[in-house]
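Structural overview for review
Spelled out, the chains give:
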Amino acid sequence: MTQEQWGQLKQDLLKSIGKSNYKSWIEPLELSHVEEGVATFAVPTSFVGNYVSQKYGDQILYHARSISPEIRRVHFSVPANQSARPAMARATADAGSGAQPAAPAQREGSMPTAPLDRRFTFDTFVVGKPNELAHAAAKRVASGGPVTFNPLFLYGGVGLGKTHLMHAIAWELSQRQPDLNVVYLSAEQFMYRFVSALRERKMMDFKSMFRSVDVLMVDDVQFIAGKDSTQEEFFHTFNALVDGGKQIIISGDRAPGEIENLEERIKSRLQCGLVVDLHPTNYELRLGILQSKVEYYRTQYPGLLLADGVLEFLAMRITKNVRVLEGALTRLFAFASLVGHEITMELTQDCLADVLRSSERQVTIEEIQRQVSDHYNIRLSDLIGPKRVRVFARPRQVAMYLAKHMTSRSLPEIGRRFGGRDHTTVMHGVRRIDELRVADAQMAEDIDMLRRALEA
Ligand SMILES: Nc1ncnc2c1ncn2[C@@H]1O[C@H](COP(=O)(O)OP(=O)(O)OP(=O)(O)O)[C@@H](O)[C@H]1O
């Protein structure tokens with residue numbers, strides 16, 4: 001984008017946002033440079049940068065891309081020599097970078113979609129038992145056939161892949177049907193655009209833009225709970241689109257019926273289609289996600305070695321949230337590449353000490369022993385006692401395995417708590433269960449079930 005084109009773009013913005021907004025927010029911007037798909041604008045203060053990014057970021061990106069389609073992000077920063085602080089305020093609207101996949105089409109005068117993360121595609125989404133239904137439903141909608149369930153409502157806890165699936169649907173639909181008007185935005189952005197339209201007396205434009213959408217995706221719908229006029233408008237938009245046979249996809253942090261302060265009529269509309277949840281991850285899914293990320297990191301950090309057992313350790317220890325899991329892996333690779341060291345268990349524990357501590361379960365060896373003896377229906381005294389028959393020995397090994405992975409106790413300490421056994425016995429037991437988890441599906445399921453029960 002040239003300075004001249006930026007001048008033209010500013011004129012377009014002047015028309016769409018009005019003189020006084022333009023004077024306050026757009027006029028002070030200076031196009032600094034465009035590099036690798038990022039258009040950087042100099043702003044006088046970090047406040048202006050943040051405000052412009054939030055309020056006009058996607059609009060500027062939208063116009064900028066109609067001039068220079070290679071622009072995928074806009075970035076607002078205070079030039080170093082203007083800022084008292086060394087770290088510049090960075091406010092960015094991201095359209096995803098890289099050539100593939102293509103961004104959804106935007107018709108002239110249509111509602112601009114929020115930027116999509118190019119990494120969030122079906123190819124990069126790892127499917128396991130906890131998310132297979134949500135994945136299948138998302139795939140179905142993304143196939144673009146006749147609308148079968150409307151809306152598709154995806155829900156689940158933080159960081160379990162709702163946004164990833166929604167972006168994946170948007171990417172796939174726009175690849176299959178480039179002319180389709182797919183609009184993805186968060187419920188917060190919906191509210192934001194609605195309030196702006198009200199303030200600027202542009203409700204007719206707002207309504208007609210939303211009603212021209214072919215596929216509407218609204219993320220984190222719980223945000224509009226308790227916001228009466230936004231709910232009202234959302235309800236009308238929703239009805240108009242459903243009546244027009246347009247696909248709607250919504251996500252939330254819980255099932256529609258459980259979102260407090262959401263109007264009953266909206267809850268019931270949201271329940272009309274298909275409601276699917278993303279369950280908390282299990283060990284296998286977490287390991288699968290780590291393995292797929294590691295493949296990517298191997299291309300970023302060629303030659304970096306990863307010791308056996310590290311991924312299994314992370315999958316076992318960081319259980320809550322895929323985002324935290326990913327962050328841990330990113331940090332680990334970045335750290336190892338800085339120090340030029342193989343990623344060993346020791347380095348992992350050092351580098352991620354805080355993450356591991358905060359996700360450390362307060363599970364005790366006694367709780368594990370109780371849970372395991374209940375599960376296998378044997379007496380606690382037999383679990384820790386001297387008898388070596390398999391009916392007691394196997395559950396004992398399972399309990400040792402869980403004690404090793406779910407507590408920070410050392411092997412000798414675990415041995416002591418299992419009737420004064422030697423640490424080599426514990427080590428042998430842990431290894432045996434490791435082998436069985438791979439060879440025996442029942443064992444894998446038992447461990448997973450026990451772990452979940454202990455975490456609950
Ligand atoms: N099954 C999966 N395969 C690969 N990556 C995943 C998977 N599930 C989640 N992730 C990754 O975890 C991170 C968090 O996912 P996402 O943002 O989609 O979560 P969310 O459910 O929308 O969370 P929030 O409630 O915070 O909005 C993303 O980087 C996403 O790519």
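Residues numbered from 1 in each chain as written. Predicted model: local features only at pLDDT ≥ 70, side-chain atom pairs only at ≥ 80, totals over all residues. Heavy atoms only, no water.

Looking at an unreviewed UniProt entry, the protein carries the name Chromosomal replication initiator protein DnaA, with the source organism given as Roseovarius aquimarinus. According to the UniProt record, the Subcellular location (unreviewed entry) comment for the protein reads "Cytoplasm". Quoted verbatim from the Sequence similarities (unreviewed entry) field of UniProt, the annotation for the protein is "Belongs to the DnaA family." (UniProt positions renumbered as here; feature names shortened; annotations may be inferred.)

The next point concerns the overall build of the protein. Scanning the protein from terminus to terminus reveals 20 helices and nine strands. Across the 456 residues that make up the protein, the buried fraction comes to 50%. Long-range contacts, defined as pairs at least 24 residues apart, comprise 71% of the intrachain contacts of the protein with a sequence gap of at least 6. As displayed, the protein has an accessible area near 22300 Å², and 51% of this comes from carbon and sulfur atoms. (Helix = DSSP H or I, 4+ residues; strand = E, 2+ residues; numbered from the N terminus. Buried < 20%, exposed > 50% of the residue type's maximum accessible area, 1.4 Å probe, protein only. Contact = heavy atoms within 4.5 Å. Areas by Shrake-Rupley, 256 points an atom, 1.4 Å probe, with all protein chains shown as cover.)

Attention now goes to the nonpolar core. L152, I169, M217 and F234 are the most contacted members of the largest nonpolar core, which has 56 residues in total. For this core, the element with the highest residue contribution is helix 5 (residues 162-176), accounting for seven residues. Membership of the second largest hydrophobic core comes to 52 residues, among which are L306, I365, I414 and F418. (Core = buried A, V, L, I, M, F, W, Y, C linked by side-chain atoms within 4.5 Å.)

Moving on, we get to the packing of helix 17 (residues 390-406) against helix 19 (residues 423-439). At a minimum axis separation of 8 Å, helix 17 and helix 19 run at an interaxial angle of 95 degrees. In terms of their interaxial angle, helix 17 and helix 19 are classed as roughly perpendicular. Here R394, Q397, V398, M400, Y401, K404 and H405 of helix 17 lie close against helix 19, whose contacting residues are T425, V426, H428, G429, V430, R432, I433, D434, L436 and R437. (Axes fitted to C-alpha atoms, helices over the stretch in contact; angles between N-to-C directions. Parallel < 35°, antiparallel > 145°, perpendicular 65-115°, else oblique.)

What follows covers the packing of aromatic side chains. A full pass over the atoms with the stated rule returns 13 aromatic pairs. Their ring planes at 90 degrees and their centres at 5.6 Å tell us that F190 and F234 sit as a pair that is edge-to-face. Taken as a pair, F190 in helix 6 (residues 187-199) and F234 in helix 8 (residues 228-243) lie far apart in primary sequence, 44 residues in all. Accessibility assignment for this pair places F190 and F234 in one class, buried. Sitting over the ring of F223, K227 keeps its end group 4.0 Å from the ring centre. (Phe/Tyr/Trp six-rings, centres within 6.5 Å; stacked < 30°, edge-to-face > 60°. Lys NZ or Arg CZ within 6 Å of the ring centre and 35° of its normal.)

With the rule as written, the count across this model stands at 20 salt bridges. Across the salt bridge formed by E232 and R265, the nearest N and O atoms sit 3.1 Å from each other. One end of the pair, E232, is in helix 8; the other, R265, is in helix 9 (residues 264-270), with 33 residues separating them in the sequence. According to the relative accessible area criterion, R265 is partly exposed, its value standing at 30%. In this structure, the salt-bridge partner of R379 is D382, at a minimum N-O distance of 3.8 Å. When its relative accessible area of 10% is taken as the criterion, D382 is described as buried. Here the salt bridges share partners, and the residues they tie into one network are K139, E172 and R176. (Salt bridge = Lys/Arg side-chain N within 4 Å of Asp/Glu carboxyl O.)

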